[in-house]
There are 2 protein chains.
Amino acid sequence: MITLAVDAMGGDAGLAVTIPGALLFLRQQADVRLLIVGDEVQVRQALEAANAPMDRIQIVHAAQVVEMDEQPQSALKNKKDSSMRIAVNQVKEGLAQAAVSAGNTGALMATARFVLKTIQGIERPAIAKFIPSQNGHMTLVLDLGANVDCTPEQLVQFAVIGSELVHALYPNAGAPRVGLLNVGTEDIKGTDTVKQVFKLLSGSKLNFVGNVEGGSIFSGDVDVVVADGFVGNIVLKTIEGAVRFMGSAIKQEFQTNLLTKLGALAAMPALKGFKNKLDPRKFNGAIFLGLRGVVIKSHGGTDAVGFSYALEEAFHEAKADSLTRIQQGVADQLAHLADKKLEVEQAAINID
Amino acid sequence: MITLAVDAMGGDAGLAVTIPGALLFLRQQADVRLLIVGDEVQVRQALEAANAPMDRIQIVHAAQVVEMDEQPQSALKNKKDSSMRIAVNQVKEGLAQAAVSAGNTGALMATARFVLKTIQGIERPAIAKFIPSQNGHMTLVLDLGANVDCTPEQLVQFAVIGSELVHALYPNAGAPRVGLLNVGTEDIKGTDTVKQVFKLLSGSKLNFVGNVEGGSIFSGDVDVVVADGFVGNIVLKTIEGAVRFMGSAIKQEFQTNLLTKLGALAAMPALKGFKNKLDPRKFNGAIFLGLRGVVIKSHGGTDAVGFSYALEEAFHEAKADSLTRIQQGVADQLAHLADKKLEVEQAAINID
């Protein structure tokens, strides 16, 4: 039985989305119970009104709420009784295997990092997300904005935690193929930082396929795409914008005249299938990776369906025991990289 | 009458694409003549076979060809008689108002920069492209890969040349709205470099709207989006990948079963309209900006239609006398920025 902690007060709409989302999820997954964290009276009211299955739900009271525009440091200092903080605390204390929040991203990251700490050997957590690509393949892209400036070592750490997560979730798919996001595939391409990352990854135990361009996110040729949080965030927002733009461009074409409007009716099954397949709510869960606990960030403006998918993501990671696997994998990979470094230094000394 | 120089030997297919592309373009534009640069015998043969309108065509012989994978430095040093080099020379010598090549990007950039030099006050040329956005609006994005590392001053220069180009092409649309590509709209966001650019642009005479996220490329809210060549290239390739992916996802949906296949038939007019509107060949011309001459880079793998659009782009810029306007605009904007800087330094001295 998996237990997830839910920040019920987070997100633009709070309980109005999180409670129906949580119940939707509970109906789909039998093997799970939820700790619903928030104002006890309001949460109980919302659950009763929705006729919730209380045998799989426990309410955990939280007296405070982190505001959507609150500064991370303020949330950390002044909101120790917030639903966000207490949800993350449940993971820290081993009462839940993952926490999900639709609250303020910066505050959630600061809270998760402060409460859970990073995995041994990982300096900074990253934000990762699965992006749909060709033929139903999913590409994990990270970092999506937690760290605008990264050292080569930190980027290597992102590659390791990304690879280990994918491996934990898909243990039978072979070693995840890791690509480094760059402006070309040749190894001489890119900034000095990226060139150094290329060298480090080439000497790693990862299944490093080399530099990849932006298009590889969608090609299905790689499983993990690594970038710093500046590039990653811009890429993510660009993708979201491109998808919105193309969706509205199609819509417009079908509204051109009577003929195209009739065409839209006939095309409805395919168009619905298309919309359904790329429904952003299905890809809602952003993963805070590199922490000693599973934390999933739902989009603040999503609806109940979207929120239920964030819970799904948390559930899968918890069920796969991804954290244990990531911790072992990281220790293994980083030990290998340290050995390599020692070898290189030793060689340098011998040359001297 | 506008004269364009065409590198007839460049691109993956060379003459097989450039000649039909050039003739397609000539049929659409009356007010233009072409200098077709390449092997005289081969060019003449291709033109004769296609029954070309020789009254608007002049063949300029070039004994060499720059290979598609040739190193820029090698092309610069060893290919002084190449069709690429001679096409650019035509611009330098005032015999053409713009040059178009589908050849090796790095070699073309190195050649253009060496032959034409940059505009006074612009340290490095950038690669810019118009990206289609909401409601037929076009967003100029630069740099798309000429400079992976940029100083804040260089990014400001990109903003200036981008803004001046849009202003030259659309003189009646008001001052172009310039956005700085970043991970959020607040002015505290981003890397140190980007923060500095934000400050510089805020003090400029440009219509600077502030930081924008990736989605703004498609929103129609800005006319120019500025990034360094590392981010810009990754963004461009990501967009291309997303468009391909979505296109194939739609196609797949329509092939699901008989019902959807029939739907596709009925939806054909709208789907064709959609495909046509976002046809990448229409957005084929990449602009080498910041040089003392107009140089347009066509995609190396495009077909005749795509190549004709690259010629179109060159034609519009030449016709708008964009270069003169950009040079004047740059001088004006940079003088203002220098004044500002002097003011700031003066203020600092007064405080001391």
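Residues numbered from 1 in each chain as written. Chains lettered and ligands numbered in written order. Predicted model: local features only at pLDDT ≥ 70, side-chain atom pairs only at ≥ 80, totals over all residues. Heavy atoms only, no water.

- The name an unreviewed UniProt entry assigns to chain A is Phosphate acyltransferase, from the organism Neisseria elongata subsp. glycolytica ATCC 29315.
- What UniProt records for chain A under Sequence similarities (unreviewed entry) is the sentence "Belongs to the PlsX family." (UniProt positions renumbered as here; feature names shortened; annotations may be inferred.)

## A few points about the side chain of Q154 of chain A
Next, step 1: For Q154 of chain A, the position within the fold is in helix α6 (residues 152-169).
Next, step 2: Residue Q154 of chain A is classed as buried on the basis of its relative accessible area of 5%. (Helix = DSSP H or I, 4+ residues; strand = E, 2+ residues; numbered from the N terminus. Buried < 20%, exposed > 50% of the residue type's maximum accessible area, 1.4 Å probe, protein only.)

## Let's talk about the packing of aromatic side chains
Residue and element names in this part refer to chain A.
Next, step 1: Enumeration over the complete set of coordinates arrives at eight aromatic pairs over all chains.
Next, step 2: On the basis of an interplanar angle of 65° and a centroid distance of 6.0 Å, the ring pair of F25 and F315 is categorised as edge-to-face. Residue F25 is found in helix α1 (residues 15-28), and its partner F315 is found in helix α10 (residues 304-319); the two are separated by 290 residues along the sequence.
Next, step 3: Note on F25: relative accessible area 0%, which makes it buried.
Next, step 4: What makes F315 buried here is its relative accessible area of 3%.
Next, step 5: When the ring centre of F114 is taken as origin, the NZ or CZ atom of K117, which lies over that ring, is 4.6 Å away. (Phe/Tyr/Trp six-rings, centres within 6.5 Å; stacked < 30°, edge-to-face > 60°. Lys NZ or Arg CZ within 6 Å of the ring centre and 35° of its normal.)

## Examining the sheet that holds strand β1 (residues 2-7) of chain A
Residue and element names in this part refer to chain A.
Next, step 1: Reading across from one edge, β3-β2-β1-β4-β11-β10-β5-β6-β9-β7-β8 is the order of the 11 strands in this open sheet, with mixed pairing throughout. Bordering the open sheet on either side are β3 (57-61) and β8 (207-212), each of which pairs with just one other strand. Neighbour-to-neighbour, the strand axes of the sheet open up by a mean angle of 25°, direction not taken into account.
Next, step 2: Note: strand β7 (residues 177-181) against β8, five bridges, orientation parallel. From the neighbouring strand, L181 faces β8, where its bridge partner is V212.
Next, step 3: Against the sheet, α1 touches β1, β2 (32-38) and β3, its axis set at about 170° to β2.
Next, step 4: Against the sheet, helix α7 (residues 192-202) contacts β7 and β8, and its axis sits at roughly 160° relative to β8. (Pairing = 2+ DSSP bridges. Axes fitted to C-alpha atoms, helices over the stretch in contact; angles between N-to-C directions. Contact = heavy atoms within 4.5 Å.)

## Observations concerning the domain arrangement of chain A
All names here are of chain A.
Next, step 1: The domains assigned to chain A are domain 1 (1-117 + 291-320) and domain 2 (130-280).
Next, step 2: Taking the mean C-alpha position of each, domain 1 and domain 2 sit 27 Å from one another.
Next, step 3: Counting each side, the surface lost to burial between domain 1 and domain 2 is near 360 Å², with a carbon and sulfur contribution of 69%.
Next, step 4: Put simply, domain 1 and domain 2 have zero salt bridges between them.
Next, step 5: Summed over the shared surface of domain 1 and domain 2, the number is zero residue pairs in polar contact (both at pLDDT 80 or more). (Domains from an automatic or database assignment. Buried area = accessible area lost by both parts, 1.4 Å probe. Salt bridge = Lys/Arg side-chain N within 4 Å of Asp/Glu carboxyl O. Polar contact = N/O pair within 3.5 Å; in protein donor to acceptor, adjacent residues only side chain to side chain.)

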